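# Commentary on secondary and tertiary structure
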2 protein chains.
Amino acid sequence: MIKIAIVGYGNLGRACERIAHNSGDFETVGIFTRRNPDTVKSDFGTPVYSQRDIESFKDETDVACICTGSANDVTDLGIRLAKNFNTVDSFDTHAKMSAYFEQMDNTAKQSGKLCFVGMGWDPGLFSLMRGLCEGILPFADTQTFWGRGVSQGHSEAIRRIEGVVDAKQYTVPKDEALRLAREGKGGSLKVRDKHLRECFVVAEEDADKAEIERKIVSMPDYFEPYDTVVHFIDEEEFKSRHSAMPHAGFVLRSGEINGARCNIEFSLKLDSNPDFTAAVLMAYAKANANLAIAGETGAKSILDIPASALLGKDRSANVGKFV
Amino acid sequence: MIKIAIVGYGNLGRACERIAHNSGDFETVGIFTRRNPDTVKSDFGTPVYSQRDIESFKDETDVACICTGSANDVTDLGIRLAKNFNTVDSFDTHAKMSAYFEQMDNTAKQSGKLCFVGMGWDPGLFSLMRGLCEGILPFADTQTFWGRGVSQGHSEAIRRIEGVVDAKQYTVPKDEALRLAREGKGGSLKVRDKHLRECFVVAEEDADKAEIERKIVSMPDYFEPYDTVVHFIDEEEFKSRHSAMPHAGFVLRSGEINGARCNIEFSLKLDSNPDFTAAVLMAYAKANANLAIAGETGAKSILDIPASALLGKDRSANVGKFV
């Protein structure tokens, strides 16, 4: 049994706890929350502690699963925890990934711990596919598409607008762009060409809807660079049709080898983004425990971890079953 | 520069040589053929030697790329070469994979060499996907489909029938089976449900076509378990429309995590099967050289090799670029 600490108890932390509960591989040492632990109740009776106290559980924990929501929390927590724990996280700010990876590598090498950075589906499985595709077809074009699915960051950005009661934003890949990417012509696609942003918004009764729509579509970085469609709906429709957190995505590589065209395509279609992210995080928590026992230390990205670390230890049986 | 020996000079060996020639990463020590080397001419001026003499090149070779056609040749050669060379091969008899892997592991551990077994797309990339998918979604169903593409083994089987001048067999996945697999209902699919075998045959002028067709569709293992369609065409149409060796395939995993449905899909679409297989073999030849320098020995399947071994050595740069 792999003893895990769940650090943060939002959608991702809850999903990790449920996976641990349903699997025969894990034992949950505790949930570690930033909130007052007396106000947090585990879905499965796991003890809840303050994040401040986590270091006192270092000797009884194999892997700390970092499940906090915002990116800043992850980096600060990651570096703190890497001093005393093997960790897995799903840090997802692509632009800061390389710097965070180096900090984690330095910290974990000093402490003799093993820390996996960016374990989800993007970053995560999609990163692995991008690396693998580049290694196999060096002369080709890789394109990543996301959706159709809910972007939590974009949904939150809409909810912060005055007069908005609730909102969900769906990222939608454009068919024409997918077609071009599959033909190896993805390199010429602009941001606006690849994805549409579709928003479902519940507004306050007396809100100025035209003004809300204007604020959404002109929002820098989030919406301005995209074609954005805004639908105002009532609360009932919102609850019945937009409560889930589905997502999907594609990594496409298209190019030539010896003059012959090759297309590689990896795609996901997920009814629940947080539950699948948790599945990846927990699979790599198991891999972390396997490799830590084997003496590995430092930070690793998903590119550094062989698939066999996720599987049983009998290599010959794995060859028979999967190869 | 990675110094490679190309062992066997059919479609695969020629494709590997072309990749080596066009890449800045490889230097070709020689082509090693079973034929009389005087009768074999390299496409790129690489010296051609007899396979019998390969051991005298052991000190100047980093990796031997085993490119011989038939499965028996690969196992015998593999075990012989593992005594003196790091090797990569695309051994593809799934049923014997596990036994061959163990033999190669024992041999390579004794000799201190590093040997990669089963490097192509299936076995190879598809094996990696099957393992990865199992690790991430333990409760789900994996289905592999091949096609639409040319099966060389099935084409050869037809060509051995009396009265047949030439033949190509296309393996075609059935749409309904793909649909069921994507819904997680692939477990109930029978062999006949998944693939159709479509044959294009050039017969001798006075041949009994009905008898040829009967022999094809009733051939045990090759065709009898499948729905098979036979088209007789003339030599001109055969040459103009069936000279290429395209292939394709899918690995689908469909299941649930925490009650939420997840679909993972990996697919390839290839204008030339041997050229893409060579691309995978050469990518892993590079990985082999990288890991052998790092001191790794024994046999490895694609499950054991991290994607980073295919890429540049700057881990932090790889994180920035791919993660």
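For the structure given in this document, a descriptive report is provided here. Since the model is a prediction, treat every value here as computed from it, not as a measurement. (Residues numbered from 1 in each chain as written. Chains lettered and ligands numbered in written order. Predicted model: local features only at pLDDT ≥ 70, side-chain atom pairs only at ≥ 80, totals over all residues. Heavy atoms only, no water.)

## Thoughts on the side chain of His195 of chain A
Residue and element names in this part refer to chain A. Examined against the element boundaries, His195 turns out to sit in strand 10 (residues 195-203). Classification of His195 as buried rests on a relative accessible area of 4%. Here the side chain of His195 touches Trp146 through a polar contact of 2.9 Å, landing on its backbone nitrogen. In this structure, His195 is in contact with Thr144, Phe145, Trp146, Thr171, Val172, Pro173, Lys174 and Tyr226, ignoring residues within four places of it in sequence. (Helix = DSSP H or I, 4+ residues; strand = E, 2+ residues; numbered from the N terminus. Buried < 20%, exposed > 50% of the residue type's maximum accessible area, 1.4 Å probe, protein only. Polar contact = N/O pair within 3.5 Å; in protein donor to acceptor, adjacent residues only side chain to side chain. Contact = heavy atoms within 4.5 Å.)

## Here's the deal with the sheet that holds strand 8 (residues 149-150) of chain A
Whenever strands of a sheet pair, they do so through backbone hydrogen bonds, lying parallel or antiparallel. Residues and elements named next belong to chain A. Reading across the sheet, the four strands line up as 8-9-10-11 and stay open at both edges, with mixed pairing between neighbours. For this open sheet the edge positions go to strand 8 and strand 11 (227-232), each flanked by a neighbour on one side alone. Where strand 10 and strand 11 come together, six bridges link them in parallel fashion. From the neighbouring strand, Cys199 faces strand 11, where its bridge partner is Val230. (Pairing = 2+ DSSP bridges.)

## Let's talk about helix 6 (residues 175-182) of chain B
All names here are of chain B. All of the buried residues in helix 6 are Ala177, Leu178, Leu180 and Ala181. For helix 6, the angular spread of buried residues about the axis comes to 165 degrees, placing them on one side. Trailing helix 6 by a residue or two, Gly184 shows a phi angle of about 80 degrees, which is positive. (Arc of directions from axis to C-beta.)

## Considering the environment of Glu211 of chain A
All names here are of chain A. Note that Glu211 resides in helix 8 (residues 209-217). Residue class for Glu211 comes out partly exposed when judged on its relative accessible area of 27%. It is 9.6 Å that separates the C-alpha atoms of Glu211 and Glu162, two residues lying 49 residues apart in sequence. Within polar-contact distance, the side chain of Glu211 engages the side chain of Arg214 at 3.1 Å.

## A short note on the pairing of strand 13 (residues 260-270) of chain A
Residue and element names in this part refer to chain A. Of all 11 residues in strand 13, nine are buried, a share of seventy percent or more. Inspection of the sheet shows strand 12 (residues 247-257) paired to strand 13 by 11 bridges, in the antiparallel sense. Along strand 13, the bridge assignment pairs Ala248 with Lys269. Linking two consecutive strands that pair antiparallel, namely strand 12 and strand 13, is a turn of two residues; a positive phi of about 50 degrees is found at Asn258 within it.

## Examining the pattern of salt bridges
The final tally for this structure, using the stated rule, is 40 salt bridges over all chains. One salt bridge connects Glu134 of chain B with Lys321 of chain A, and the closest N-O pair in it is separated by 3.2 Å. Taken together, the residues Glu134 of chain B in helix 4 (residues 125-136) and Lys321 of chain A in helix 11 (residues 315-322) connect one chain to another. Using a relative accessible area of 54% as the deciding quantity, one classes Lys321 of chain A as exposed. Linked by salt bridges that have partners in common, Asp105, Lys109 and Asp304 of chain A together with Arg315 of chain B make up one network. (Salt bridge = Lys/Arg side-chain N within 4 Å of Asp/Glu carboxyl O.)

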